[in-house]
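# Architecture at a glance
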Amino acid sequence: MSVPVQYIADYSNTPEARLKKNHQKYCLYLKPADRDYSSSFEIQENRGFFPETLYIFVEAFHEKYKEVYEFLIKIAEPVNKPNFIHVYKITLFSMYTAMSLNLNAEKIIESLMQYSKNEVIPKSFIEFIENKTKKAGSAYLYMIKKNYYLKIHQEFLEKIIRIDEEPYKSIIEMEQNPPQQLLQTQEESRVWNFKFYRIKQKHNLFQITEKIIKEGISLINEYHDDKESQNDLSSNVQIPYKKLDIELRQITQPRIYQQKALKNIFVCEKPRSATIVLPCGAGKTLLGIIVTEKIKGNTIVICDIDTATKQWKNEFIRWTTVKPDRIKIYTGKTKNLQEKQTKPFILITTFKQLSSIIKSNKLQKEKRQDMDTSSKYETKMDHYIQEEMEWDLCIADETQYSAASTYKKIFEEFNFKLKIGLTATPYREDNKIDDLFHVIGPKLYEANISELIQDSYLAKPYCVVFRCKMHECCEDFMKDRKFKNKPSLQSGNPEKFKLLYYLIKFHESRKDKILVFCDQIPVLKYYSQKMGYPAIYGEVGLLEKLVWLDLFRKGEINTLFLSRVGDTALDLPIANVCIQIGFQFGSRRQEVQRLGRIMRRKEGQKGEYNAFFYTIVSKNTEQAQFYYRRQKSLMDLGINFEVIDIDEQNGNKFKYDPDILDQKIIRASDEIIKDVKKDAWFLIQDQPDKKVDEQDDD
Ligand SMILES: Nc1ncnc2c1ncn2[C@@H]1O[C@H](COP(=O)(O)OP(=O)(O)OP(=O)(O)O)[C@@H](O)[C@H]1O
């Protein structure tokens, strides 16, 4: 393929933009900054300044692309990945990642030179990289014996905060006798003048760490296995410390991208807290399990919802030799941790549960009640989990929730020595996602969804947006400002019905498994009843839910209607078609999660595509605008879309197969119009689902 260097043309008017003579051999292009930032660095340094425009273009079709990708995710953040040219940018946070992976300015610039078409590396890149990596290795955070300790180059800390003044005076103090593990090595002392500090109040941890990181200091939360012995809780005698009895089964082989993620977490002998991004269905659970197996200590797994806790337990048993009795579930409904443990164990819980433990312990402290009353085993266990335990490892599944204001506290208040955050959707619409860097740790690995599809680890999706005009029976509503922007009107637009019913019938004829998503409950109920399919939403009882899920899995029914309870909560790996008619505004997280529902690779599937992702939107409405934002989030990941206008009067581009579009579908579509003309209750009542396991959402 010839190299379309036109994309560079816009920037080629400066000497820095000149290309190497044999530039075709290289696949990166560094866009010189629009203005000279050099003087700004020093002036702005204390305010965490960074230029916004250090863009890197990458030729995705280049033979060196895969190799370059592994380097790029260590130093830059992906912006978007259209078909041919991907865009990345270098930021303060991406430099944090680079430093956490032991890359320094010299190594980064050398690799950029090795891969880029530019004759010289633009000055703005060199200055920024050198400036933002010069504090590498100058700060570490440890949890030792339930205390947080900072080991930091004294001058840097003093530049950021004055520890002899409030509020820092009551938060942090110089440590005269630091624990043995903190002492600096000879090599370290050649570079840094480390001092040791103890953070007095756990709940103030982020006040300091956030400041440090925003100053371009790569604060590394390093894990120390310091347990040679432990207290026997029953006799208070020191006994040799036993590790968690867990080994991977022989069948458990991490895939190549899981190995890369593990390599980055264990970059030195000592693992580091990190955020890891893997697409839905790529095996985040197994990755977390392998980290647990390597650490072999007390482990806490935090899930977003109750049902996920059972799935994690099953997966631990499936992939490792850990005894089921070493795995405890602790949620609102299930509490099978009833006594303090003398051997290491795995606790699986939820964000919500830990958050309520903090509240309950606070209340207990205030009341100063006697914790030893045997009837209060729950508060006793709450105290044990939060105050007494020192957790070697904390795995935060769906870690985007860790940045939610109500859940952040968990990562200060509990004693976690090492934190690994897993997510497929590092998005929050409240822009708090960058908080993950100080709440959990830097993003140390992000898998490339296109590569996983290409390598057949994930299904290849065919994505289509169908745009239907509003049906004329809704004209009066559309003229009325009171109804015009109602999500239920735009989701339930009767013009969608025929197409939806047709798509279901078409895929059922191929023996596909179909999920139909709609967040507006009246529309969900009405459409599913009209077509004769079961619907699962918040109010549906557990038993009924389980029956439908079971029938779907067994193949006795092939189509399920779901509200947002199906975004993550339900384990339906066999689904391969997703049709959305209603959704939650512009939520990128929801869009990626819904695509994720069908991305599991299924055995024996033929054809170019093996997953189908359709969205039917009402044209010229707010819904269509919101969808544009959602669609863009998938396109930025490298997923392609086809857009098809459904306009029956002006010659439809979409052709219905007459063998599928039978009288039943046509009759039902006509009935809907009659219903709407009589009473349009389902179009004008807005009732979004109250999710069963409501999370602190973005
Ligand atoms: N290394 C591996 N070897 C074999 N199978 C694997 C491996 N990694 C993942 N899988 C399979 O991929 C499927 C998806 O894994 P998992 O449920 O961990 O993904 P996930 O990323 O947590 O998905 P979701 O985001 O949907 O929760 C599982 O059925 C698992 O069996």
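What you see is a predicted model, and the numbers here were worked out from it, not measured in a lab. (Residues numbered from 1 in each chain as written. Predicted model: local features only at pLDDT ≥ 70, side-chain atom pairs only at ≥ 80, totals over all residues. Heavy atoms only, no water.)

### A look at the side chain of His507
Rules: A helix here means a DSSP run of H or I that spans at least four residues, while a strand means a run of E at least two residues long, and both kinds are numbered starting from the N terminus. We call two residues contacting when some pair of their heavy atoms lies within 4.5 Å.
Its place among the elements puts His507 in helix 22 (residues 495-509). In this structure His507 touches Asp512, Ile514, Val577, Phe612 and Tyr614, once residues within four positions along its chain are discounted.

### Considering the nonpolar core
Stated formally: Side-chain atoms within 4.5 Å link the members of a nonpolar core, which is a set of buried Ala, Val, Leu, Ile, Met, Phe, Trp, Tyr and Cys residues. Classification of residues uses two cut-offs on accessible area relative to the type maximum, computed with a 1.4 Å probe and protein chains only: under 20% is buried, over 50% is exposed, and between them is partly exposed.
With 100 residues, the main nonpolar core has Ile56, Ile75, Ile90, Leu112, Ile276 and Phe316 as its most contacted residues. Tallying contributions element by element places helix 3 (residues 65-75) first for this core, with seven residues. Formed by 63 residues, the second largest nonpolar core is a distinct cluster that contains Ala139, Leu157, Ile161 and Leu436.

### Here we look at the packing of aromatic side chains
The geometry of an aromatic ring pair is captured by two quantities: the separation of the ring centres and the angle between the planes. Note the cut-off: Ring pairs shown here join Phe, Tyr and Trp side chains whose ring centres sit within 6.5 Å, with only the six-membered ring taken for Trp; geometry is labelled stacked below 30 degrees between planes, edge-to-face above 60, and tilted in between. Both a distance and an angle decide whether a charge sits over a ring: NZ of Lys or CZ of Arg must be within 6 Å of the ring centre and within 35 degrees of the ring normal.
For the structure shown, the criterion picks out 27 aromatic pairs. Judged by centre distance (6.1 Å) and plane angle (40°), the ring pair of Tyr96 and Phe437 falls under tilted. Residue Tyr96 is found in helix 4 (residues 92-100), and its partner Phe437 is found in helix 17 (residues 436-439); the two are separated by 341 residues along the sequence. Judged by relative accessible area, Tyr96 falls into the buried class, the value being 4%. Assessed through its relative accessible area of 9%, Phe437 is described here as buried. These aromatic residues form a ring-pair network of at least three members: Tyr462, Phe466, Tyr609, Phe612 and Tyr614. It is Lys335 that lies over the ring of Tyr330; its NZ or CZ is 5.4 Å from the centre. In this structure, Lys498 is placed above the aromatic ring of Tyr656, and the distance from its NZ or CZ to the ring centre is 5.2 Å.

### Focus on the side chain of Thr209
Structurally, the position occupied by Thr209 is in helix 9 (residues 205-214). For Thr209, a relative accessible area of 2% translates into the label buried. Residues in contact with Thr209, not counting those within four places in the same chain, are Leu141, Leu219 and His438.

By themselves, these observations are geometric and do not establish any function.
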